[in-house]
Amino acid sequence: MIIVLKPEATQAEVDHIMEKIRERGLSPHLSTGQERRVIGVIGDERTIQNVPLAIFPGVESVTPILAPYKLVSREFRKDNTIVTVGDGVAIGGRLIPVMAGPCAVETKMQVTSVAQAVKKSGARVLRGGAFKPRTSPYAFQGLAEEGLQFLAEAKKATGLPIITEVVDSRDIDLVAQYADVLQIGARNMQNFRLLTDVGKQRKPVLLKRGMSATIKEFLLSAEYIMAGGNHQVIFCERGIRTFEQLARNTLDLSAVPLIQKLSHLPVVVDPSHATGRWDLVAPMARAAIAAGADGLLVEVHGNPEEALCDGEESLTPPKFAEMMDSLRKIAQAVGREI
Ligand code: PEP
Ligand code: MN
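Residues numbered from 1 in each chain as written. Chains lettered and ligands numbered in written order. Predicted model: local features only at pLDDT ≥ 70, side-chain atom pairs only at ≥ 80, totals over all residues. Heavy atoms only, no water.

A. Here's a closer look at the overall build of the protein. The secondary structure content of the protein amounts to ten helices and 14 strands. For the protein, the C-alpha radius of gyration of 21 Å lies close to 20 Å, the compact-globule estimate for 338 residues. Once the C-alpha set of the protein is aligned to its principal axes, its extents read approximately 65 × 45 × 40 Å. Relative to its full complement of 338 residues, the protein shows a buried share of 54%. Taking as baseline every contact in the protein between residues at least 6 positions apart, the subset at least 24 positions apart corresponds to 69%. On the protein, roughly 14700 Å² of surface is accessible, and the fraction owed to carbon and sulfur atoms is 53%. With 40 positive and 39 negative side-chain charges, the protein shows a spacing of 2 Å between the two charge centroids. (Helix = DSSP H or I, 4+ residues; strand = E, 2+ residues; numbered from the N terminus. Rg over C-alpha atoms; globule rule 2.2 N^0.38 Å. Buried < 20%, exposed > 50% of the residue type's maximum accessible area, 1.4 Å probe, protein only. Contact = heavy atoms within 4.5 Å. Areas by Shrake-Rupley, 256 points an atom, 1.4 Å probe, with all protein chains shown as cover. Lys, Arg positive; Asp, Glu negative; His and termini not counted. Charge placed at Lys NZ, Arg CZ, Asp CG, Glu CD.)

B. Molecular detail of the coordination of the manganese ion (ligand 2). Taken together, the protein donors to the manganese ion (ligand 2) comprise Cys103 (SG), His273 (NE2), Glu299 (OE) and Asp310 (OD), at separations of 2.0 to 2.4 Å. Considered as a linear motif, the donors of the manganese ion (ligand 2) on their single chain read C-x169-H-x25-E-x10-D. A residue pair is termed long-range when its members are at least 10 positions apart, and Cys103 in the loop between β7 (98-101) and α2 (108-120) and His273 in helix α8 (residues 271-275) qualify at 170 residues. Across the pair, His273 and Cys103 agree in class, each one buried. (Donors = N, O, S within 2.8 Å, 3.2 Å for Na, K, Ca; no water.)

C. Geometry of the packing of helix α5 (residues 192-200) against helix α6 (residues 215-227). Packing of α5 against α6 brings their axes to within 6 Å, and their N-to-C directions diverge by 40°. Regarding the angle of α5 to α6, the classification is oblique. The crossing of α5 and α6 is right-handed. On α6, the residues that touch Phe192, Leu195, Thr196, Val198 and Gly199 of α5 are Ser221, Tyr224 and Ile225. Of the residues assigned to the contact of α5 with α6, the class counts are five nonpolar, three polar and no charged. (Axes fitted to C-alpha atoms, helices over the stretch in contact; angles between N-to-C directions. Parallel < 35°, antiparallel > 145°, perpendicular 65-115°, else oblique. Left-handed = near helix turned anticlockwise from the far one by under 90°. Nonpolar A, V, L, I, M, F, W, Y, C, P; charged D, E, K, R; others polar.)

Functional significance is not addressed by these values, which are geometric in nature.
Structure below.
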């Protein structure tokens, strides 16, 4: 349920309501919007049915949240959530930050030179996997902590904050020491234990859509993270499996405005994994911005032919620069900037 607070509700009144909710074994989540403050109540609401919350001082109204996802829903929060990454890259506002870098961190040189190149072209965040979720156990699995250290060096050289994937709960503390955003990959979208665990820490989380996940399942996975108290969640549409064979996945672009309608959280698009082909990345990135995406996640490699992972969908730095120029015009046309 949602408890809408009166504008004049005092801190003591709010604390009292939150305390009552906790006493009944439920979790209160306070959200402060531009126009109103609300408390989302999560848990088995039967335990609080006989508490007349509507007449508590400071309470304006009490309404049930009808959607199965609660904290994630627009009912819980009317305003868009802005997730701040690093020292101030805002995702979910007017700016459309582009997060770019290699699929996998390979060497210190490789990641630093790509970081410098993408920064020059206007990227705001550096991406790169140190823990890679690979389909084959014989494929390159990532450099693990050494890869995180290389990302840290690239961050030092460029000032770009870092997004990198965590594939296992046991690595969360380690990855969070280096990452500004923790990425949950498509293959782990329904790894509920991992979602719960990243919900307990406070770094922003970028959650990728599972390759066969419905939008409702996607929203419920974000609910796992928010239920732990971490409200800094970014959705990432990265394509879904269809009968089509010529592209790696099919980009479900309607997911962008649809999720934005159902949820207050930002939605970014990954045109690289969505297509699996470098020649489709820029057109799909342009379409994503036209559709209202709040950011992009793009793979860039200095020498895609030699990439240890996903070379076929990686842009070279000059191709990335060209794409960025074209994106600026689309962003401007929809009243935003890159
Ligand atoms: C990635 O972004 O590195 C990745 C593995 O993507 P996905 O989880 O979408 O396949
Ligand atoms: Mn990849």
